[in-house]
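Close look at the chain arrangement
Below, each chain spelled out in residue letters.
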Amino acid sequence: MTRLYHVALSPFCRKVRLTLAEKRIEVELVEERYWEQSVEFLRRNPAGKVPVLKYDNRTFSESQAICEYLEETIPSPPLMPRDPDGRYEVRRLCAWFDDKFNTEVTAKIMGERVWKKVMKQGYPDSKNVKSGLSAVKFHLDYMGWLLDQRRWLAGDAMTLADFTAAAHLSCLDYISDVDWDRSSNVKDWYAKIKSRPAFRSLLADQIPGLPPAPQYAELDF
C-alpha cells in the first residue's frame, strides 16, 4: 500500500497529494506530527520533514524530488513538458512558490495563524501576518501577469507548476487569506484547478479546532 506521511495544511504535502491523485495512485494518508521528531519518523526521514512517501517498497522525501520521480516513472498524464525550455520554466516556478512564496507568504501567515496554535507555540506575531498579507499581493499580481500571456502558469498545458502554486494558495484559502478579487485571471485559474478530481481530497480536509473558511470547498467562490 502506498502511504504518505503528511500534515493536511502543508503546501509541500499537498503538492505531492495532487500529483498522486492526478496520476491515479491510491494512497493512504497518515497524519504525522513531525514537529515532535519521534524516533520512528526520523528513521523514515532524518531531515525530520514531511512529506514522506512509502511507494513501491521504497521511502521518498522532499516534495519536488517525489513529484519528479512520479512524473518520470508514471509519465501519463504528464505534468512536465517534453522540451527542455518548458521543463526549465516549470522548475523555475516550482522553486518560486516553494522558496520565495513560501518564505514571504505561506510560512508567515500559516506559521503565525495556524502552526503556532497547532504546535502550542504562543500567540501570532501580527507583524509577520501583515508582512505576509502585503507580500501575497505582489505574488498574485505576478501570477496575473503570467496568466495574461499563457493558459496556465508555465505555458499552454497544466503542469506541476500549477499544482505547486495551488498547494500554497489552497492553504491560505482554508483560512480565507487570499483576495481572489485582486486578479480575475488568478481566480479563474484557481477555479479550474479546484474543479479537478485530484483536488477533491484537499477540499475535504478538516483541521480539529480550525474549521475551513465558508468558501474553501465551494467550486463557485
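Residues numbered from 1 in each chain as written. Predicted model: local features only at pLDDT ≥ 70, side-chain atom pairs only at ≥ 80, totals over all residues. Heavy atoms only, no water.

1. Concerning the state of the cysteines
Put simply, the rule reads: In what follows, a disulfide is any cysteine sulfur pair within 2.5 Å. The buried label applies to any residue whose accessible area, calculated with a 1.4 Å probe on protein chains only, is under 20% of its type's maximum; exposed applies above 50%, and partly exposed to all values in between.
Applying the stated criterion across every chain yields a total of zero disulfides. The thiol sulfur of Cys 94 is not disulfide-bonded, and the nearest other cysteine sulfur, from Cys 67, lies at 7.7 Å. The closest cysteine sulfur to the non-disulfide-bonded Cys 171 is located on Cys 13, 9.0 Å from its own sulfur. Take Cys 171: its relative accessible area is 0%, and that puts it in the buried class.

2. Re the packing of aromatic side chains
As a reminder of what qualifies: Pairing of aromatic rings covers Phe, Tyr and the six-membered ring of Trp, with a centre-to-centre limit of 6.5 Å; geometry is then stacked below 30 degrees between planes, edge-to-face above 60, and tilted otherwise. Runs of H or I in DSSP of at least four residues are treated as helices and runs of E of at least two as strands, each being numbered from the N terminus.
With the rule as written, the count across this model stands at 13 aromatic pairs. Summarising the aromatic geometry, the rings of Trp 96 and Phe 138 are spaced 6.2 Å apart at their centres and angled 35° between planes, so their arrangement reads as tilted. Remark: Phe 138 occurs in helix H5 (residues 126-149) and Trp 96 occurs in helix H4 (residues 84-118); sequence separation between them is 42 residues. Classification of Trp 96 by relative accessible area gives buried; the value is 17%. Here Phe 138 falls in the partly exposed class, since its relative accessible area comes to 45%. Pairing Tyr 174 with Tyr 216 gives two aromatic rings, centres 5.1 Å apart and planes at 70°, and the pair type is edge-to-face. One end of the pair, Tyr 174, is in helix H6 (residues 160-174); the other, Tyr 216, is in the segment after helix H8 (200-203), with 42 residues separating them in the sequence.

3. Focus on the layout of surface pockets
In this approach a probe as big as a water molecule rolls over the atoms, and the regions it shows empty are the leftover space. Quick reminder of the rule: Residues are said to line a cavity or pocket when one of their atoms sits within 4 Å of a point; the points come from a 1 Å grid over protein atoms alone, cavities being sets where a 1.4 Å probe fits but cannot get out and pockets being open sets with protein on both sides within 12 Å along at least five of seven lines. Grid points are joined across faces, edges and corners, and a volume is the space filled by probe spheres set on the points.
Empty space within the largest pocket amounts to approximately 450 Å³. Surrounding the largest pocket, 20 residues form its lining, Ser 10, Phe 12, Tyr 34, Val 50 and Asn 102 being those nearest its centre. Those elements that place two or more of their residues in the lining of the largest pocket are helix H1 (11-22), helix H3 (63-73) and H4. In terms of residue count, H4 provides more of the lining of the largest pocket than any other element does, seven residues in total.

4. What to know about the sheet that holds strand E3 (residues 52-55)
Note the following rule: Pairing between two strands requires that DSSP report at least two bridges joining them. Orientation is described by axes fitted as lines to C-alpha atoms, over the contacting stretch for helices, and by angles from 0 to 180 degrees between their N-to-C directions.
Spatially, the four strands line up as an open sheet ordered E2-E1-E3-E4, and their pairing is mixed. Two strands bound the open sheet, and with one partner strand each, they are strand E2 (28-31) and strand E4 (58-61). When strand polarity is set aside, the average angle formed by the axes of neighbouring strands in this sheet is 20°. Direction of pairing for strand E1 (residues 3-6) relative to E3: antiparallel, over a ladder of three bridges. Residue Leu 4 lies in a different strand from E3, and its bridge partner there is Leu 53.

5. Observations regarding the pairing of E3
Of the strand pairs in this sheet, E3 and E4 are connected by four bridges, and their pairing is antiparallel. Bridging across to E4, Lys 54 finds its partner in Thr 59. Joining the antiparallel neighbours E3 and E4 is a turn of two residues, in which Asp 56 adopts a positive phi near 55°.

6. Digging into the side chain of Glu 89
As a reminder of what qualifies: Every residue pair with non-hydrogen atoms within 4.5 Å of one another is taken to be in contact.
Within the secondary structure, Glu 89 sits in helix H4. Owing to a relative accessible area of 10%, Glu 89 belongs among the buried residues under this scheme. Glu 89 has contacts with Arg 150 and Ala 154, leaving out every residue within four places of it along the chain.

7. Considering the environment of Ala 157
Inspection of the secondary structure assignment puts Ala 157 in the loop between H5 and H6. C-alpha of Ala 157 to C-alpha of Ala 191: the two residues are 34 residues apart in sequence and 16 Å apart in space. Apart from the residues within four sequence positions on either side, Ala 157 is in contact with Trp 152 and Asp 162.

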